Amino acid sequence: SKRANTMFAALLAAIPLTSLIAIVLLYYDTKNKVLIESLSYNIFWLVLPSLSFFLILPLCLQKGLNFPLSISLSSFLMILLYGALILLLKFMGIK
């Protein structure tokens, strides 16, 4: 069914392949567990704003906005949230 196909596609998209590859390459390059720890922690914080995109996009589409406007608005708001998070993390002393 199409619903099962979209769920499988969502599962594939949700797997953090880029992060996994970066962590594995960093480990094999440096063997430095502190760097791996830092990278993992930073990835965690920076994933949070990207989640907003997946909430805002379907809401825009449900409200009747066309696709280009919906994806543009979702992307713009996500970028604003990235900026706000980076400022907040700096303010909190998290590097």
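Scroll up a little and you will see the structure.
None of these values were measured; they are calculated from a predicted model. (Residues numbered from 1 in each chain as written. Predicted model: local features only at pLDDT ≥ 70, side-chain atom pairs only at ≥ 80, totals over all residues. Heavy atoms only, no water.)

> Is there a simple way to explain helix 3 (residues 33–62) in this structure?
Residues spaced three or four apart along an α-helix face the same direction, because each turn holds 3.6 residues. Under the 1.5 Å per step criterion, the end-to-end length of helix 3 is 45 Å for 30 residues, consistent within 8% with the ideal 44 Å. Within helix 3, the axis deviates most sharply at L48, by approximately 30 degrees, and proline P49 lies no more than four positions further along. All buried positions along helix 3 are accounted for by I36, P49, S50, S52, F53, I56, L57 and C60. Residues of helix 3 that are buried sit in contact with helix 2 (17–30) and helix 4 (67–91). (Helix = DSSP H or I, 4+ residues; strand = E, 2+ residues; numbered from the N terminus. Expected span 1.5 Å × (residues − 1). Bend = angle between axes of the 7 residues up to and from the residue. Buried < 20%, exposed > 50% of the residue type's maximum accessible area, 1.4 Å probe, protein only. Contact = heavy atoms within 4.5 Å.)

> Looking at this structure, I do not really get the packing of aromatic side chains. What am I missing?
Here the distance between the centres and the angle between the planes together describe a pair of aromatic rings. Per the stated rule, a full pass over the model turns up four aromatic pairs. A centroid spacing of 6.2 Å and a plane angle of 85 degrees characterise the contact between Y41 and W45, whose relative ring orientation is edge-to-face. Remark: W45 and Y41 occur in helix 3; sequence separation between them is four residues, near one turn of the helix. Aromatic side chains F44 and W45 sit 5.5 Å apart centroid to centroid with 75 degrees between the ring planes, which places their arrangement in the edge-to-face category. Three or more aromatic residues joined by ring pairs make a cluster, and in this case those are Y41, F44 and W45. (Phe/Tyr/Trp six-rings, centres within 6.5 Å; stacked < 30°, edge-to-face > 60°.)

Functional significance is not addressed by these values, which are geometric in nature.
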